[in-house]
2 protein chains.
Amino acid sequence: MPILRHTALLALCASTLTCAAQQPPAALSARDSDPVKLGWMQGSPPPPDKVIRSTDANAFQFPRMRWSVAHMRELLPTVEVSRGLGPPSPLPYRLDPQIDSVRFTPWGNSGPMTWEASLWKNYTDGILILHRGEVVYERYFGALKEDGQHALMSITKSFTGTLAAMLVAEGVLDEDKLATAYVPELQGSAFADATVRQVMDMTTALRFSEDYADPKAEIWTFSAAGSPMPKPAGYSGPDGYYAYLRTVQKEGTHGDAFGYKTVNADALGWIIARATGKSVPALLTERIWSRMGMEQSAYYQVDGQGTAFAGGGFNAGLRDLARFGELMRNGGQWHGQQMIPAQAVADIASGGSKEAFAKAGYPLLKGWSYRDMWWHTGNAHGAYTARGVFGQAIYIDPAAEMVIVRLASNPVAANGANDPWSLPAYAAVAEYLMGK
Amino acid sequence: MPILRHTALLALCASTLTCAAQQPPAALSARDSDPVKLGWMQGSPPPPDKVIRSTDANAFQFPRMRWSVAHMRELLPTVEVSRGLGPPSPLPYRLDPQIDSVRFTPWGNSGPMTWEASLWKNYTDGILILHRGEVVYERYFGALKEDGQHALMSITKSFTGTLAAMLVAEGVLDEDKLATAYVPELQGSAFADATVRQVMDMTTALRFSEDYADPKAEIWTFSAAGSPMPKPAGYSGPDGYYAYLRTVQKEGTHGDAFGYKTVNADALGWIIARATGKSVPALLTERIWSRMGMEQSAYYQVDGQGTAFAGGGFNAGLRDLARFGELMRNGGQWHGQQMIPAQAVADIASGGSKEAFAKAGYPLLKGWSYRDMWWHTGNAHGAYTARGVFGQAIYIDPAAEMVIVRLASNPVAANGANDPWSLPAYAAVAEYLMGK
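Residues numbered from 1 in each chain as written. Chains lettered and ligands numbered in written order. Predicted model: local features only at pLDDT ≥ 70, side-chain atom pairs only at ≥ 80, totals over all residues.

Draft legend 1. Spatial organisation of unusual backbone geometry. Residue and element names in this part refer to chain A. With an omega of -10°, the peptide bond running from S44 to P45 counts as cis. When you line up the elements, P45 lands in the loop between helix 1 (2–14) and helix 2 (65–68). Even without glycine at this site, R132 takes up a positive phi of about 50°. Tracing the backbone through its elements, the reader meets R132 in the loop between strand 4 (124–131) and strand 5 (134–140). Of note, the phi angle at H335 is positive, near 50°, even though the residue is not glycine. Here H335 shows up in the loop between strand 11 (333–334) and strand 12 (337–338). (Helix = DSSP H or I, 4+ residues; strand = E, 2+ residues; numbered from the N terminus.)

Draft legend 2. Representation of the relation of the copies chain A and chain B in the model. Of the transformation superimposing chain A on chain B, the axial component is 0.0 Å and the angular component is 180°, with the fit at an RMSD of 0.0 Å. Accordingly, the operation relating the two chain copies is best matched by a two-fold axis. Mapped onto chain B, 100% of the interface residues of chain A are again interface residues, and the two copies thus contact each other with one and the same surface. (Least-squares fit on C-alpha atoms with pLDDT ≥ 70 in both. Contact = placed C-beta atoms within 7 Å.)

Draft legend 3. Looking closely at the pairing of strand 17 (residues 402–408) of chain B. All names here are of chain B. Within strand 17, seven of the seven residues are buried, leaving the element largely enclosed by the surrounding structure. Across seven bridges, the pairing between strand 4 (residues 124–131) and strand 17 is antiparallel. Within strand 17, the residue paired with H131 across the bridge is M402. Bridging between strand 16 (residues 392–397) and strand 17 involves five bridges; their strand directions are antiparallel. By the bridge assignment for strand 17, D397 is matched with M402. (Buried ≥ 20, exposed ≤ 12 C-beta atoms within 10 Å, placed from the backbone. Pairing = 2+ DSSP bridges.)

Draft legend 4. Spatial organisation of the sheet that holds strand 13 (residues 369–371) of chain A. Residue and element names in this part refer to chain A. Across the sheet, which stays open at both edges, the seven strands sit in the order 5-4-17-16-15-14-13 with antiparallel pairing between neighbours. Strand pairing shows two members of the sheet lacking a second neighbour, strand 5 and strand 13, which therefore form its edges. Averaged over all pairs of adjacent strands, the angle between their axes in this sheet comes to 20°, without regard to strand direction. Here three bridges tie strand 13 to strand 14 (residues 374–376), and the two strands are oriented antiparallel to one another. Residue pairing across strands places Y370 opposite W375, the latter belonging to strand 14. Along the sheet, helix 4 (residues 155–169) makes contact with strand 14, strand 15 (384–388) and strand 16 (392–397), crossing strand 15 at roughly 130°. The sheet strands contacting helix 11 (residues 342–350) are strand 13, strand 14 and strand 15, and the helix crosses strand 13 at an angle near 160°. (Axes fitted to C-alpha atoms, helices over the stretch in contact; angles between N-to-C directions.)

Draft legend 5. Molecular detail of the environment of A217 of chain A. Residue and element names in this part refer to chain A. For A217, the position within the fold is in the loop between strand 7 (206–207) and helix 6 (218–226). With 18 C-beta atoms packed within 10 Å, A217 lands in the partly exposed category. For the pair A217 and R207, spaced ten residues apart in sequence, the C-alpha separation works out to 9.5 Å.

Structure representation (structure tokens):
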């Protein structure tokens with residue numbers, strides 16, 4: 001059933017730690033899997049074995065995935081998040097070639113490594129470092145160019161969470177109300193007695209497995225529901241993300257523990273849409289994307305009803321994500337204008353309950369927390385980050401006045417596969433920049 | 001077979017006079033069919049009877065089509081034509097409210113009408129008039145906004161033809177060579193013994209019916225081949241536009257007569273791709289779209305192999321099309337830079353063989369011709385135009401120093417249904433502007 005599989009793999013891209021099981025046994029190196037070198041989708045038409053199409057199950061599997069993440073709109077219907085029609089805002093440059101040589105010690109037993117080597121190790125497609133608002137480092141690899149857009153996977157959730165935090169700060173959304181106060185259709189689902197705040201922080205208790213090794217895992221039904229492709233003959237499941245959300249069942253007690261489940265972000269997107277009368281892409285356009293002098297319009301993949309995938313379907317350009325990270329670092333101000341209420345940014349930057357987070361049992365993320373769909377490191381710099389599978393990150397280090405954006409296509413979905421070579425690298429660059 | 005039907009209707013959108021047969025017997029007026037007023041795709045999710053999805057046969061039929069033409073990317077996979085990353089080029093404004101009152105006499109038996117009334121009569125979605133490079137008139141209706149993109153239907157062909165004319169002027173493409181010199185795979189098809197020039201001017205003799213009333217018409221096979229959706233079970237036809245082109249059969253003698261067949265534009269797109277090593281969207285980005293300070297990126301719909309629909313799949317913003325029209329009016333120069341060789345623009349602006357054109361028997365287009373996939377009116381002003389079904393037009397009147405861009409969603413595909421209320425209206429505005 002290729003249709004079901006491909007969209008499940010898209011949702012995989014959006015979430016989860018368990019999909020590490022999808023890891024190719026002996027993955028090609030970053031250099032050997034370079035999507036340009038491998039010739040995907042080159043030629044008119046491409047040779048049959050080099051065609052990537054969304055209806056093929058392997059379109060979102062390594063190594064083809066290294067091309068797909070930079071060309072999602074060519075595979076799927078999408079809705080624009082417009083940059084507006086004005087000039088792009090300038091990003092000042094102060095490139096520092098020394099950064100390539102910054103050394104760090106990866107977590108685990110391996111020896112020291114340079115920043116530059118870490119980019120290859122982590123299958124980086126694009127990386128940009130801002131220090132005090134200036135670009136000190138920027139590189140593109142593989143299929144991503146400066147005028148391209150890359151799949152953000154679960155970074156999407158942080159945009160959903162930021163919009164919700166804005167609406168809470170503005171009093172449009174009451175975080176103490178039940179989800180059903182905004183979306184009555186959630187009555188009968190696990191979300192019925194969850195508060196908006198529990199959805200925002202993913203402390204809901206949901207029966208929702210993202211274990212791709214289990215053919216009965218809920219992720220498969222979710223993915224089939226969200227596919228924009230024609231439903232297969234005999235399909236009788238829910239049609240669309242919203243229809244799926246109504247079927248999610250409860251497992252446990254809301255508010256007890258952090259449980260990372262993509263569907264929370266889609267439920268939050270629905271709540272946002274009902275509270276504002278605007279779709280998530282329309283609101284993001286109106287409130288942020290069209291107001292900051294972004295260089296490029298961005299986009300979401302949509303389901304068969306035109307609903308954006310608020311849990312993992314956002315795609316954008318590297319520099320524009322850096323602009324957004326800098327906006328966050330500056331407390332929601334951009335060129336003197338308050339784009340996001342300072343209170344909302346402060347809420348995100350303060351992090352969430354470490355106790356609730358610890359119950360989720362992430363071995364590498366001791367002392368972390370999750371708030372407004374952002375991850376907080378709990379480190380001495382107060383760093384917090386938006387994260388997506390295969391290595392996507394917007395990493396904000398307030399103490400170092402640094403923002404790092406990384407877009408990547410690691411063969412392994414789970415960030416546990418790149419954290420040991422990225423989080424300490426970020427910390428080392430932060431120290432380097434602070435010492436300058 | 002909804003998949004076959006929907007894409008056939010897309011191809012319908014791309015071409016043909018015969019699809020007037022699709023006309024609803026008593027269509028709603030422009031005001032009554034306003035897509036915002038009718039509520040298509042509003043709500044989260046939209047009510048079931050207001051959902052438009054590409055897999056529904058009626059997605060591209062009036063009145064739903066009035067929403068779809070402004071949201072093609074939300075229904076189909078698309079490839080970007082990037083505006084680049086620079087600032088938009090300024091479009092100076094000198095709006096003239098008197099234009100609304102300009103009167104003209106429609107062709108046929110009806111009495112005089114105002115310019116403003118003609119816009120409603122023709123189901124206009126967006127209209128812009130440039131006079132001497134200044135915007136003297138601009139309006140948006142229905143689902144199109146200034147920051148939106150609209151389906152251009154067969155205006156797409158004029159972009160394909162312009163690229164080819166550029167390459168001919170530059171010596172990259174030899175118009176006297178056979179199509180097979182560039183695309184050997186066309187051996188065995190009707191294109192095998194056609195010259196590049198015959199393809200560019202559609203004087204090929206092809207067995208290709210775009211008669212939608214005939215279930216055996218070739219347009220159905222073409223559309224099924226080009227669908228990006230999964231092929232239905234048991235499908236054994238060609239897969240992709242290029243594969244289809246190889247099957248086109250000859251009917252008559254090349255070079256004798258103009259015969260408007262969409263597949264010529266797709267064959268030309270293939271020739272261009274092979275001559276340059278670049279896809280049509282990539283070449284259009286590189287040579288024009290990223291160099292003119294366009295306000296918005298544009299896009300093409302693609303088939304299952306990622307091939308852009310060079311015969312009808314282009315979508316762009318109203319003002320950017322005006323910029324392109326002005327580029328043509330200025331002999332290929334834009335802000336002092338020669339974007340298109342003057343020789344190529346002159347070739348387009350001079351028109352083609354009136355004799356070959358007359359053989360096609362268009363009752364309303366006496367004295368017209370077709371050259372480089374542009375239509376030439378043969379009138380005293382030397383006006384020439386890019387045209388697409390449902391009322392799309394870029395109309396360039398050199399004598400009046402005027403460019404008109406109209407995007408529309410007329411219930412009737414064939415331009416014969418709006419020419420009587422648009423071509424004389426354009427002429428009247430030209431006279432008005434010349435008399436100022």
